[in-house]
Amino acid sequence: MKLSSSWIREFVDLTVDDHRLAEDLTGVGIAVEGISGSGKDTSSRWRLGPIVPDAMNHYGVAREAAAIYDVPLKRCRA
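Just so it is clear, the model here is predicted, and its values are computed rather than measured.

A. Fine view of the nonpolar core. Of all hydrophobic cores here, the largest spans 13 residues; its most connected members are Ile8, Val12, Leu14 and Leu21. Top element by residues in this core is helix 3 (residues 58-69). It accounts for 4 residues. Here Val12 is in contact with Ala62, Ala65, Ala66, Val71 and Pro72, once residues within four sequence places are set aside.

B. View of the environment of Leu21. Position of Leu21 relative to the elements: it lies in helix 2 (residues 18-27). For Leu21, a relative accessible area of 2% translates into the label buried. For the pair Leu21 and Ile68, spaced 47 residues apart in sequence, the C-alpha separation works out to 9.4 Å. Leaving out residues up to four positions away in the same chain, Leu21 has contacts with Arg9, Leu14, Val16, Ala65 and Tyr69.

Rules of the game
- Residues numbered from 1 in each chain as written.
- Predicted model: local features only at pLDDT ≥ 70, side-chain atom pairs only at ≥ 80, totals over all residues.
- Heavy atoms only, no water.
- Core = buried A, V, L, I, M, F, W, Y, C linked by side-chain atoms within 4.5 Å.
- Buried < 20%, exposed > 50% of the residue type's maximum accessible area, 1.4 Å probe, protein only.
- Helix = DSSP H or I, 4+ residues; strand = E, 2+ residues; numbered from the N terminus.
- Contact = heavy atoms within 4.5 Å.

Here it is in structure tokens:
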């Protein structure tokens with residue numbers, strides 16, 4: 001699955017760069033297979049295992065990042 005880091009950051013305020021985010025998410029089971037682009041155009045290829053089915057979208061990955069860094073998760077606008 002390909003995700004945009006700028007979309008993830010719309011839901012959670014992160015101070016870490018995309019590479020650190022990728023390392024930390026990999027540590028909780030959301031494996032990053034590659035990062036491409038830079039700045040707001042950065043995107044990542046993710047491999048999601050069976051232990052994190054709720055992270056199969058930008059909001060789910062943002063929720064995991066919020067938990068890792070103990071920061072608030074913004075509400076998803078419907």
